[in-house]
Structure formats: C-alpha cells, structure tokens
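If you want the building blocks of each chain, they are given just below.
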Amino acid sequence: MILALETSCDETAAAVVTDDGRLVSSVVSSQAGLHARYGGVVPEVASRRHLELVTPVVREALAEAGLALEEVERVAVTQGPGLVGALLVGLSAAKAIAWSRRLPLVPIDHLEGHVASLALQPDSVEPPFCCLLASGGHTLLLAVRAYGRTERLGTTLDDAAGEAFDKGARLLGLGYPGGAEIDRLAREGDPEAFPFPVARVPGLDFSFSGLKTALLYTVRDLGEAEAERRRADLAASYQQAIVRALAGRLRQAAERTGLERLAVVGGVAANSALRAALPEARFAPLALCTDNAAMIGSAARFVEALPYPRYLALDAYASLA
Ligand code: KG4
Ligand code: ZN
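Residues numbered from 1 in each chain as written. Chains lettered and ligands numbered in written order. Predicted model: local features only at pLDDT ≥ 70, side-chain atom pairs only at ≥ 80, totals over all residues. Heavy atoms only, no water.

Let us now look at helix H3 (residues 84-100). For H3, with 17 residues, the first-to-last C-alpha span of 24 Å sits near the 24 Å given by 1.5 Å per residue. Among the residues making up H3, those that are buried are Ala86, Leu87, Val89, Gly90, Leu91, Ala93, Ala94, Lys95, Ile97 and Ala98. Against strand S1 (2-6), helix H2 (43-65), strand S4 (74-80) and strand S5 (105-109) lie the buried residues of H3. Backbone geometry just downstream of H3 places arginine 102 in the positive-phi region, at approximately 55°. (Helix = DSSP H or I, 4+ residues; strand = E, 2+ residues; numbered from the N terminus. Expected span 1.5 Å × (residues − 1). Buried < 20%, exposed > 50% of the residue type's maximum accessible area, 1.4 Å probe, protein only. Contact = heavy atoms within 4.5 Å.)

Below, the structure written as structure tokens:
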C-alpha cells in the first residue's frame, strides 16, 4: 500500500494506491476558490492553506481506503516542479509520516506523475506511446518508452496551454481557473467565427503568446458590448486555435518518432474539444487530469524508494529539471 501526497500548486491531495496499480482512494481539496479573487494562485496563500489541509486530507484518504496508518508500506510525494513553499508542505508531511514508522519514501517528479495517471488499473495504457502533457504550468511532448522513462521531444517557448486558457478566460471576463469555463462557454459558440492563428514554430515546440495577443486585439476592436455579445464565439474560436496546435503537434510527434499510440494528460486533457479532436488518443480519466495524488502514487511504482533515513535531507525543486 502506497500513501501518496501532492501539494505542488493549489490542490492539497492524498491517495492510496496498491503496488499493482489499483486506486484505493483519492482525495483532492482544491483551493481554487481561495485564489479566484486574485485571478491566479498566490504562492504564500497556497502554502498556508496546504498546511491547514494536509493532515485532514491524508486522514480522509486513509479513512476512505479503510486503512490504518500502520498498514502503509511506502510514502510517495511530489518533489517538484511547482511552488517551492507549497511543495515543502507536502514533502515535510510525507517525511514525517515515513520517519515515524521508518518507512521508505519515494520522491516523484510532478510531470512523471501526470504521465503515470495513465498507468492505473484496470485501463492502463501500455508504453511505448507518444504523450502530450498540457497543464497550467507545462506543455510538453514526450516519448514514453516505459513509465518513469520519458524523453522530451518538445515544449512551449512561452505560455503553457492551460495558461493560455486561463489568460484568454480573463480577457473574456470569465472566472479563474478559466480552462473549464472556456470549455463550457465554447459549446454555445462557433469555432470558425474568428480566425485565430496557430503559431508556426520549428520542430515540435509550441507558442501561445501570439494567440493571446490576437484575442486581446480582437476583443478591443469589437468593443465591450459587442465582445460581450459574442463571447461564446470568441471562446470557441480561441479554444479551437489551442486545440489545433496541440492535436497537430501530437500527431507530428507520433509520425517523427514512429510511436503509434497517442496519449494526453494534464489539466487541459479535460478539455472536451481536445478530446473530440483526438479520437485515436487515450486520455487520462477525467478525475485524474487536473492535479491529484493518485497519479503520484501510480508513478511511485516505477521509481526507486529511498530507505530511511536517506530521504530526510531531501529538498523540493521549483522548475523543470
Ligand atoms: O494539471 P493541472 O491541474 O495543474 C498544473 O500542473 O498546472 O492543470 C491546470 C490547468 C489550468 O490552466 C486549467 O485552466 C486547465 O488545466 N484546465 C482546462 C480544463 N480543465 C482544466 N483547460 C481546458 N479545458 C478544460 N476543461
Ligand atoms: Zn499538474
């Protein structure tokens, strides 16, 4: 039994996963409401909230699993990348739990965690496959040779795809986080109404900052009243430009690597237009697209555990290795 913790951004999460990849329980406490009025995550506010929530969330994950702390055999935790203050809360809690019973601890890379959201039973995706990881912080194309063994093929040169959704949502006067709001509003709009550009970037990289500027100018040119009236069309067209960029690049990556299987993970994998645009791809289960600890527990099955007391000096890291 693996007890996993995730606190890299604004979700406090704990989960219990078995060694053979069954998800026993998963608890996610989102702080989104707390940060909404600032239009984005405030790191210090996030750390303090994690501190309040981490113990009750762990207790709830254990209770849901019907498991006593004594029955936990390994502790897994996100080490990075993410907000350092936020990561440290989860890392310290995980160390304390592991230390108290001299259990081994498995430090997990958040991005490997997202990939491992595909590795849970009963519908796990067998490597090798070509994987698009699109979240609020990252947009990566990966060749997954085996779980825990990924090769980076491309990344974004500026904004992440989820960030593009969030910034677009803000320009359209929608709430934070904006991805799901755009997704919802776009269903009532015409994706062909506005011809937003898909950036031409060499290789397998992405760029979304030009798209965001195009939306800004379009909204400005329309004027407030007209932009408000056509909000659904703007959302649908903007979303379509992001989806085209993501789906197009994933297919190119598959062609270049010769990897036939396609997969999509991360918060943006929840997007309904992206799911519709890639019918041949496997998507992470909806509940495991945005940040959660189940994927961290899943990833722990493929990473060597550190025995007590080696992990006590472990530090968090903020950015991509
Ligand atoms: O993976 P995640 O929870 O956090 C990071 O590791 O960054 O991803 C959060 C991102 C946010 O930018 C959010 O707007 C986006 O995922 N997102 C969506 C949808 N649901 C969440 N973007 C598009 N469509 C959605 N349905
Ligand atoms: Zn994430």
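This part is about the site of ligand 1. Around ligand 1, 18 residues are found, and the nearest of them are Gly136, Asp166, Asp183, Asn271 and Asp291. Between ligand 1 and the protein, one listed contact pairs an oxygen atom with a side-chain N or O atom of histidine 114 at 3.2 Å. Aspartate 291 is positioned such that a nitrogen or oxygen atom in its backbone is 2.9 Å from an oxygen atom of ligand 1. Burial of ligand 1 by the protein chains amounts to 88% of its free accessible area of 560 Å². (Near = heavy atom within 4 Å. Polar contact = N/O pair within 3.5 Å; in protein donor to acceptor, adjacent residues only side chain to side chain. Areas by Shrake-Rupley, 256 points an atom, 1.4 Å probe, with all protein chains shown as cover.)

The next thing to look at is unusual backbone geometry. Of the consecutive residues glutamine 121 and proline 122, the connecting peptide bond is found in the cis state with omega at 5°. Along the polypeptide, proline 122 turns up in the loop between helix H4 (110-116) and strand S6 (129-134). The peptide bond linking tyrosine 176 to proline 177 adopts the cis configuration, its omega dihedral lying at -10°. Turning to its location among the elements, proline 177 is positioned in the loop between helix H5 (161-171) and helix H6 (179-186).

Here we come to the coordination of the zinc ion (ligand 2). In the first shell of the zinc ion (ligand 2), the protein supplies His110 (NE2), His114 (NE2) and Asp291 (OD), at 2.0 to 2.1 Å from the metal. Coordination at the zinc ion (ligand 2) is irregular: its four donor atoms span angles of 94 to 139° at the metal. As a motif over one chain, the donors of the zinc ion (ligand 2) read H-x3-H-x176-D. Note that histidine 110 and histidine 114 are positioned in helix H4 at a spacing of four residues, about one turn of the helix. Since its relative accessible area comes to 5%, histidine 110 is described here as buried. Owing to a relative accessible area of 0%, histidine 114 belongs among the buried residues under this scheme. (Donors = N, O, S within 2.8 Å, 3.2 Å for Na, K, Ca; no water. Tetrahedral: all angles 85-135°; square planar, octahedral: opposite > 155°, others 65-115°.)

Locating glycine 258 in the fold gives a position in the loop between helix H9 (231-257) and strand S9 (262-265). Since its relative accessible area comes to 53%, glycine 258 is described here as exposed. Measuring from C-alpha to C-alpha, the distance between glycine 258 and cysteine 130 comes to 9.0 Å, with 128 residues separating the pair along the chain.

Orientation of H5 relative to H9, taken along the N-to-C sense of each, is 175°, at an axis distance of 11 Å. One finds that H5 runs roughly antiparallel with respect to H9. Residues Ala161, Ala164, Phe165 and Gly168 of H5 pack against Tyr238, Gln239, Ile242 and Leu246 of H9. Per-class residue counts for the contact of H5 with H9 are six nonpolar, two polar and no charged. (Axes fitted to C-alpha atoms, helices over the stretch in contact; angles between N-to-C directions. Parallel < 35°, antiparallel > 145°, perpendicular 65-115°, else oblique. Nonpolar A, V, L, I, M, F, W, Y, C, P; charged D, E, K, R; others polar.)

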